[in-house]
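Coordinate analysis (summary)
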Amino acid sequence: MSEQPLNPTPAGSHDATADEAAALRAASFERARRLRMEPRFPGGPAADPAGSHHERRIRSFQPRRSRVTTGQQESLERLWPKWGLDIDGKRVLDLAELFDGLPVVLEIGFGMGEATAQMAADAPGTGILAVDVHTPGQGNLLGLADKAGSTNVRVANGDAVILLREMLAPESLDGLRVFFPDPWPKARHHKRRLIQPDFLDLVAPVLKPGAIVHCATDWEPYAEQMLEVLTAHPRFENTAADGGYAPRPAFRPLTRFEGQGLDKGHVVHDLLFARV
């Protein structure tokens with residue numbers, strides 16, 4: 001006669017334990033998700049502005065919710081209702097109303113906003129619609145613009161692809177700036193790079209004829225890809241007579257980040273293409 005275990009496990013108890021563990025993990029994940037979605041500042045930039053408009057696709061950015069200083073928080077709370085907007089995909093922006101009739105240039109990815117604030121101060125007759133997902137940078141740019149007395153900057157929070165696809169009217173922009181985007185250097189991540197044919201397909205219709213797409217990067221392989229992709233697109237024409245890179249225009253400030261790259265021997269390339 002075989003011995004029986006002293007404390008036999010009831011049939012199905014392993015399945016019940018596994019189900020309970022799975023339920024706890026799901027509840028923990030949901031709590032974390034809800035926390036990420038909660039706005040950090042009442043009346044400020046939303047954590048997930050587009051909500052259901054988000055679709056399953058490769059993103060060219062990673063939302064960064066790092067530490068916000070007291071000054072940045074104050075700027076967000078005071079100035080976001082006036083100069084900020086969420087990219088929710090629910091309306092088409094009236095840029096003429098938003099910028100009091102100024103010509104508008106879209107800037108995608110502004111970091112901490114120093115260069116954007118300087119360009120806005122140097123060219124008060126041009127509106128800058130600056131897009132990023134970095135909360136400290138959003139607060140910093142708002143504070144810098146306010147300190148300089150610049151009223152021609154609007155800060156947009158969210159996915160630039162949704163902005164281009166759903167929230168901008170045809171031929172409403174006078175230019176596009178993409179300065180030092182993430183180069184995604186690993187080969188398996190190249191599909192995440194922003195400057196791609198599909199992206200340019202979204203950009204072309206919202207640019208006015210003659211509007212300039214201005215890109216800059218210190219990552220040589222990405223510069224080569226940018227040049228190749230822009231040259232191949234039928235809606236854009238290189239403004240450089242030799243069909244290559246352009247000198248850095250005087251209006252693009254030399255940023256601290258760029259200076260550090262130059263000190264390391266990096267070569268910065270500017271590309272200026274006109275929409276035809």
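A brief look at the structure comes next. (Residues numbered from 1 in each chain as written. Predicted model: local features only at pLDDT ≥ 70, side-chain atom pairs only at ≥ 80, totals over all residues. Heavy atoms only, no water.)

**Focus on the pairing of strand β8 (residues 269-275)**
Where we set the bar: The rule is simple: take the accessible area with a 1.4 Å probe, protein chains only, and divide by the maximum for that residue type; under 20% is buried, over 50% is exposed, in between is partly exposed. Secondary structure follows DSSP: runs of H or I at least 4 residues long count as helices, runs of E at least 2 residues long count as strands, and numbering of each begins at the N terminus. For two strands to be treated as a pair, DSSP must find no fewer than two bridges joining them.
Of all 7 residues making up β8, 7 are buried, and the element is well covered by its neighbours. Of the two faces of β8, the one lined by His269, Leu271, Phe273 and Arg275 and the one lined by Asp270, Leu272 and Ala274 are each fully buried. As defined by bridge partners, strand β6 (residues 207-217) adjoins β8 across 6 bridges and the pair is classed as antiparallel. In the sheet register, Val213 faces β8, and the bridge partner there is Phe273. In the sheet, strand β7 (residues 236-238) pairs with β8 via 3 bridges, with the strands oriented antiparallel.

**Overview of the pattern of salt bridges**
As a reminder, the rule being used: Salt bridges, as used here, are contacts in which a Lys or Arg side-chain nitrogen is within 4 Å of a carboxyl oxygen on Asp or Glu.
Per the counting criterion, the structure on display carries 8 salt bridges. Across the pair Asp174 and Lys208 runs a salt bridge whose closest N-O atoms are separated by 3.2 Å. Taken together, the residues Asp174 in strand β5 (residues 173-179) and Lys208 in strand β6 connect sequence positions 34 residues apart. Using a relative accessible area of 32% as the deciding quantity, one classes Lys208 as partly exposed. Members of the salt-bridge network, linked through shared partners, are Glu74, Arg78 and Asp146.

**Describing the sheet that holds strand β1 (residues 84-86)**
So the rule is basically this: Here an angle of 0 to 180 degrees is reported between the N-to-C directions of two axes, which are lines fitted to C-alpha atoms, with helices fitted over the stretch in contact. Throughout, a contact is declared for two residues whenever any of their heavy atoms are within 4.5 Å.
Here 8 strands make up an open sheet; going across it, the order is β1-β4-β3-β2-β5-β6-β8-β7 and the pairing mixed. Two strands bound the open sheet, and with one partner strand each, they are β1 and β7. Strand-to-strand twist in this sheet, taken as the mean axis angle between neighbours without regard to direction, amounts to 25°. Lying over the sheet, helix α8 (residues 220-232) contacts β6, β7 and β8, oriented at roughly 15° with respect to β8.

**Digging into the side chain of Asp270**
Heads up, the rule is: Identification of polar contacts relies on pairs of N or O atoms within 3.5 Å, with a donor-acceptor requirement for protein atoms, meaning one able to donate a hydrogen and the other able to accept it, and with residues adjacent in sequence counted only if both atoms are side-chain atoms.
Relative to the assigned elements, Asp270 resides in strand β8. A distance of 2.8 Å separates the side chain of Asp270 from the side chain of Arg252, its partner in a polar contact. Setting aside anything within four residues of it in sequence, one finds Asp270 in contact with His214, Cys215, Ala216, Tyr245, Ala246, Pro247, Arg248, Pro249 and Arg252.

**Topic: the nonpolar core**
Note the following rule: What makes a nonpolar core is a set of buried Ala, Val, Leu, Ile, Met, Phe, Trp, Tyr and Cys residues whose side-chain atoms join them at distances within 4.5 Å.
Grouped together as the largest cluster of nonpolar side chains are 40 residues, with contacts concentrated most on Leu106, Leu129, Leu163, Leu168, Leu176, Phe199 and Phe236. The set of elements that each furnish at least two residues to this core consists of β2 (104-108), β3 (127-132), α6 (160-166), β5, α7 (197-206), β6, α8 and β8. Ignoring any residue separated from it by four or fewer positions in sequence, one finds Leu106 in contact with Leu129, Val131, Leu163, Leu164, Leu173, Gly175, Leu176 and Arg177. Membership of the second largest hydrophobic core comes to 20 residues, among which are Trp80, Trp83, Ala145 and Val153.

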